[in-house]
Amino acid sequence: MITHPFSAVGAIIEAFPLLLSRRLRLFLLAPIFANIALMVLLYTVALSYMGVAVDEMMGFLPEWLSFLNWLFYLLLNIVVGLLMFYSFSVGVNILAAPFMAFLAEKVEERQTGKQFDEDMSFAGLMLIAGRSLKRELQKLAYFLPRFLGLLLLSFIPVINVVAPFLLVLFSAWMLALQYMDYAFDNNKIPFPEMRASLREKPLLCWTFGFIVMFAVTIPFLNLFIMPIAVVAATLLWIKLFSERFVNYADLLSQTR
């Protein structure tokens, strides 16, 4: 477990040259187009309404807490900013999910020699897209109640001081879950099984998630972080998880 943070850092570093290889570099385009479209929309909305939203929330503070206005204003800005960040992330992930699943496949094939028997006809591609969308909706169903619960904590006096920190920790966890899931899903690992596996390696997930979270804040790099994170997460799947699920899909099909 102590070495897991180093494994996360090493996978991110290894992902850069791998993604730029001749067979994989085209996968940079899909998330870039999705990022640009949604980024323009998000920043337009954020600049128009963020200040108004924060001022409205500040109006609910009791008078006796007015001396803490600066602190609550900071915390509310963090919460609203995270809400915008999640809206952006969810939109991009849904749009780019089929391409990222295919990227994870190609990385695993390149690194292990394994071949995925995917139908590349139009009907087959629609099935892949449908499977990816279903998985994204599962992640959304997992995310929303937990996020809303943490968001509600930010309105409770005293407790709201720690709410932004809990939201940041949850954000890192969700980023790890989001990007590591592509390799798990490609290998037919159910969503609950994937979550259970990640919970066994919390330092790995939080380190990976915080690296991605930090990279998202860096201009230009944030356009490429999605495929970089998918490649890095697939490398971590190969190194730390895949042996546990050898022949899992075959065993699962036999029990049905």
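Residues numbered from 1 in each chain as written. Predicted model: local features only at pLDDT ≥ 70, side-chain atom pairs only at ≥ 80, totals over all residues. Heavy atoms only, no water.

- By the naming in an unreviewed UniProt entry, the protein goes by Sulfate transporter CysZ and is assigned to Marinomonas fungiae.
- According to its UniProt record, the protein has this under Sequence similarities (unreviewed entry): "Belongs to the CysZ family." (UniProt positions renumbered as here; feature names shortened; annotations may be inferred.)

**Brief notes about the packing of aromatic side chains**
1) Next: Taken as a whole and judged by the stated rule, the model has 5 aromatic pairs.
2) Next: Ring geometry for Y142 against F191: centres 6.0 Å apart, planes inclined by 80°, an arrangement best described as edge-to-face. Of this pair, Y142 sits in helix α4 (residues 122-153) while F191 sits in helix α6 (residues 191-199); the two residues are 49 residues apart in sequence, bridging distant segments of the chain. With respect to burial, Y142 and F191 carry one shared label: buried.
3) Next: Each ring, one from F184 and one from W237, has its centre 4.8 Å from the other, and the planes form 65°; the classification is edge-to-face. (Phe/Tyr/Trp six-rings, centres within 6.5 Å; stacked < 30°, edge-to-face > 60°. Helix = DSSP H or I, 4+ residues; strand = E, 2+ residues; numbered from the N terminus. Buried < 20%, exposed > 50% of the residue type's maximum accessible area, 1.4 Å probe, protein only.)

**Comments concerning the UniProt feature "transmembrane region" (unreviewed entry) in the protein**
1) Next: When the UniProt feature table is mapped to this numbering, "transmembrane region" (unreviewed entry) covers residues 26-50, 70-96, 140-159 and 205-238.
2) Next: Taken end to end, residues 140-159 is 70% helix and 0% strand, and its two terminal C-alpha atoms sit 26 Å from one another.
3) Next: As annotated, residues 205-238 has a helix share of 76% and a strand share of 0%, and its two end C-alpha atoms lie 15 Å apart.

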